[in-house]
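# Inside the fold
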Number of protein chains: 2
Amino acid sequence: METLEYRERPIGVFDSGVGGLTVAREIMRQIPNEKIVYFGDTARVPYGSKSRETITRFSEQIVRFLQTQQVKAIVVACNTASAYALDTLEKEIDIPIIGVVKPGAKVAAEVTRNGKVGVIGTEGTIGSGIYSSYIHQINPQVQVTGKACPLFVPLVEEGLWEDPVTDEIASRYLTELIDIGIDTLILGCTHYPLIRKTVGKIMGDGVTLVNPAYETAVELKALLEQHELLSPCPPALGENRYRFYVSDAADKFKRFANSIIKYGILSAKTIPIEEY
Amino acid sequence: METLEYRERPIGVFDSGVGGLTVAREIMRQIPNEKIVYFGDTARVPYGSKSRETITRFSEQIVRFLQTQQVKAIVVACNTASAYALDTLEKEIDIPIIGVVKPGAKVAAEVTRNGKVGVIGTEGTIGSGIYSSYIHQINPQVQVTGKACPLFVPLVEEGLWEDPVTDEIASRYLTELIDIGIDTLILGCTHYPLIRKTVGKIMGDGVTLVNPAYETAVELKALLEQHELLSPCPPALGENRYRFYVSDAADKFKRFANSIIKYGILSAKTIPIEEY
């Protein structure tokens, strides 16, 4: 077992911007003893429409930064980065690292009753076919249908979480998934839990929504247990429990972050990520 | 006067992504003898929500790249970069450089009859107050009202140029400008000419829409004349008249670009802009 000091090191969590805060929030809820160092790549957000090579290069820089922060494990809290970069990152570092895709895929494969699963996400995540490939590793019989929803992130960031415009756009995106008759829908982008109500209303009660943010926190806890890395007690008062870093516009990040996380974000610091 | 060979060098045009193609298109129409090297920063798009420091750093890298392409002049075909970075860039290079803001501001100051001008653009452009400050240099009496419209770019990029959703979002954004009674509206983001019809319909016939892309091409021509830099004749057949570079996802860029520019984009090449 690692030393107590080592087990008290923080978890590194990163995303292209603010979306990964929905994952950080679940970790805060489910494993409150853990410290978190969060990085949001706000200078280069969004990742969803960019290529595998670019996303991998950006993710490698971020992982190098997080390692300077002495993290004991890393969570790739971005579906696009999990889809494109996780394989490469796993080979490059020797601490535990997990993405948000596998935990969501696993639960979807388990909960579907009619074998028809839908996935919504960015162009990158859907185009990669990653959810489908993980689900098929568990159960090759499941029929997986992906649908890219490029307007969801801007709508969420504009604050239109419950709005007729979001209803209309969501109806257009989701119609084909309803027609196929899916019974399980993966919210395959970290922003989407924030419009969960809208999506749930359109899909109806018969469809189970899978939130990878929640499942990822569950899996992270299990992974830390397995590696004997769980922090045994809460950080002392006054310790820097949750630290936030961004590559641009820290004030704007703070405002949005405070609308998602109720623990209070004391400060967000800007760092030059291109230099890592 | 510069040598013929020098005058036949290309114009460098850059933007955060595809939006600046509306400016390139106007240059192609108005000064068809000129060659163009276009750069779209698709790895780091969008610029509209990012900070002055970041936008300036990105713009400096792009200008260094364009200079390796032997350009004789540079057009900053992005409102946010014009607002934030142009002052700095002007000091750093010794070839002519213009942005899209000043030409649009000049025309708006000239055409308004009631002295009430509206500007729509990204958060960055509007927050900078740059249109207002240029207009006031020409006529301090003009009342300038800015309105950030963050959803317009994603709506345009999703192809919803004429759509009830775009109508609805535009109505919300523009209501306050209608209430103020502006008679002139600057389309202060290079994507917006593509939803000109929607904006025009909502604002009504009494409001003149100013398209900075058009005015910038007019001003570029005048600037080249003044510096005796106009290319005297069209490029020879088979010459690489229009060249396109991006920092990511060249194929996707090509598809969107071909929907805007009818001259045919033969190829777009990806370059590692962070290394410049």
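Description of the structure in this document.

Here is what the cut-offs are and how they apply
- Residues numbered from 1 in each chain as written.
- Chains lettered and ligands numbered in written order.
- Predicted model: local features only at pLDDT ≥ 70, side-chain atom pairs only at ≥ 80, totals over all residues.
- Heavy atoms only, no water.
- Phe/Tyr/Trp six-rings, centres within 6.5 Å; stacked < 30°, edge-to-face > 60°.
- Helix = DSSP H or I, 4+ residues; strand = E, 2+ residues; numbered from the N terminus.
- Least-squares fit on C-alpha atoms with pLDDT ≥ 70 in both.
- Contact = heavy atoms within 4.5 Å.
- Core = buried A, V, L, I, M, F, W, Y, C linked by side-chain atoms within 4.5 Å.
- Buried < 20%, exposed > 50% of the residue type's maximum accessible area, 1.4 Å probe, protein only.
- Pairing = 2+ DSSP bridges.
- Axes fitted to C-alpha atoms, helices over the stretch in contact; angles between N-to-C directions.
- Buried area = accessible area lost by both parts, 1.4 Å probe.
- Salt bridge = Lys/Arg side-chain N within 4 Å of Asp/Glu carboxyl O.
- Polar contact = N/O pair within 3.5 Å; in protein donor to acceptor, adjacent residues only side chain to side chain.
- Nonpolar A, V, L, I, M, F, W, Y, C, P; charged D, E, K, R; others polar.

## A few points about the packing of aromatic side chains
As enumerated under the stated definition, the model contains 19 aromatic pairs over all chains in all. An angle of 40 degrees between the planes, with centres 5.8 Å apart, marks the rings of tyrosine 47 of chain A and phenylalanine 58 of chain A as tilted. Of the two residues, tyrosine 47 of chain A sits in the loop between strand 2 (36-40) and helix 3 (52-68) while phenylalanine 58 of chain A sits in helix 3, which places them 11 residues apart along the sequence. With 5.3 Å between their ring centres and 80 degrees between their planes, phenylalanine 65 of chain B and tyrosine 276 of chain B make a pair best called edge-to-face. Taken together, the positions of phenylalanine 65 of chain B in helix 3 (residues 52-68) and tyrosine 276 of chain B in the segment after strand 10 (268-270) put the pair 211 residues apart, joining distant regions of the chain.

## A look at the relation of the copies chain B and chain A
Note on the copies: chain B fits chain A at an RMSD of 0.0 Å, the axial shift is 0.0 Å, and the rotation between them is 180 degrees. Taken together, these values place the two copies in the relation of a two-fold axis. No C-alpha of chain B approaches the rotation axis more nearly than that of arginine 44 of chain B, which lies at 2.3 Å. With an isologous cut-off of 70% or more, the 100% of interface residues of chain B that recur at the interface of chain A puts this contact in the isologous class.

## Overview of unusual backbone geometry
Note the cis peptide between valine 45 of chain A and proline 46 of chain A, where omega equals -5 degrees. Among the secondary structure elements, proline 46 of chain A is positioned in the loop between strand 2 and helix 3. At glutamate 228 of chain B, a residue that is not glycine, the phi angle is positive and equals roughly 55 degrees. With respect to the element layout, glutamate 228 of chain B can be found in the loop between helix 11 (212-226) and strand 9 (242-246).

## Brief notes about the nonpolar core
Residues Phe14, Phe152 and Leu185 of chain A together with Phe14, Phe152 and Leu185 of chain B are the most contacted members of the largest nonpolar core, which totals 169 residues. What phenylalanine 14 of chain A contacts, discounting residues up to four positions off in sequence, is Phe39, Ser59, Ile62, Val63, Leu66, Ile74, Val75, Val76, Ala77, Cys78, Ala81 and Leu89 of chain A.

## Things to note about the sheet that holds strand 10 of chain B
The strands that make up a sheet pair up through hydrogen bonds in the backbone, lying either parallel or antiparallel. Residue and element names in this part refer to chain B. Judged by pairing direction, the sheet is parallel, and its six strands sit side by side in the order 4-3-1-2-9-10 without closing on themselves. For this open sheet the edge positions go to strand 4 (97-99) and strand 10, each flanked by a neighbour on one side alone. Shown here is a sheet whose adjacent strand axes are inclined to one another by a mean of 20 degrees, direction ignored. Relative to strand 10, strand 9 runs parallel, the two sharing three bridges. Residue pairing in the sheet places tyrosine 245 in a bridge with lysine 269 of strand 10. Its contacts with the sheet place helix 4 (residues 79-92) against strand 1 (11-15), strand 3 (73-76) and strand 4, and it is angled at close to 160 degrees to strand 4. The strands that helix 12 (residues 250-260) touches are strand 2 (36-40), strand 9 and strand 10; relative to strand 10, the one it contacts most, it runs at about 150 degrees.

## Brief notes about the interface of chain B and chain A
Each side of the interface is counted separately: chain B has 30 residues, and chain A has 30 residues. Note on chain B versus chain A: buried area summed over both sides is about 2200 Å², and carbon and sulfur give 49% of it. Our enumeration of links across chain B and chain A arrives at eight salt bridges. Our count for the contact surface shared by chain B and chain A stands at 14 residue pairs in polar contact (both at pLDDT 80 or more). Breaking the side of chain B that touches chain A down by element, the ones donating at least two residues are helix 3, helix 8 (152-157) and helix 9 (164-180) of chain B. Among the elements that make up the side of chain B that touches chain A, the one with the highest residue count is helix 9 of chain B (six residues). Here the side of chain B that touches chain A is composed, by residue class, of 13 nonpolar, six polar and 11 charged.

## Here we look at the environment of isoleucine 135 of chain A
Residue and element names in this part refer to chain A. For isoleucine 135, the location among the structural elements is in helix 7 (residues 130-138). Residue isoleucine 135 is classed as buried on the basis of its relative accessible area of 0%. C-alpha separation for the pair isoleucine 135 and lysine 197, spaced 62 residues apart in sequence, amounts to 25 Å. Non-local contacts of isoleucine 135, meaning those with residues more than four positions away in its chain, are made with Ala105, Ala108, Ala109, Val117, Val142, Val144 and Ile186.

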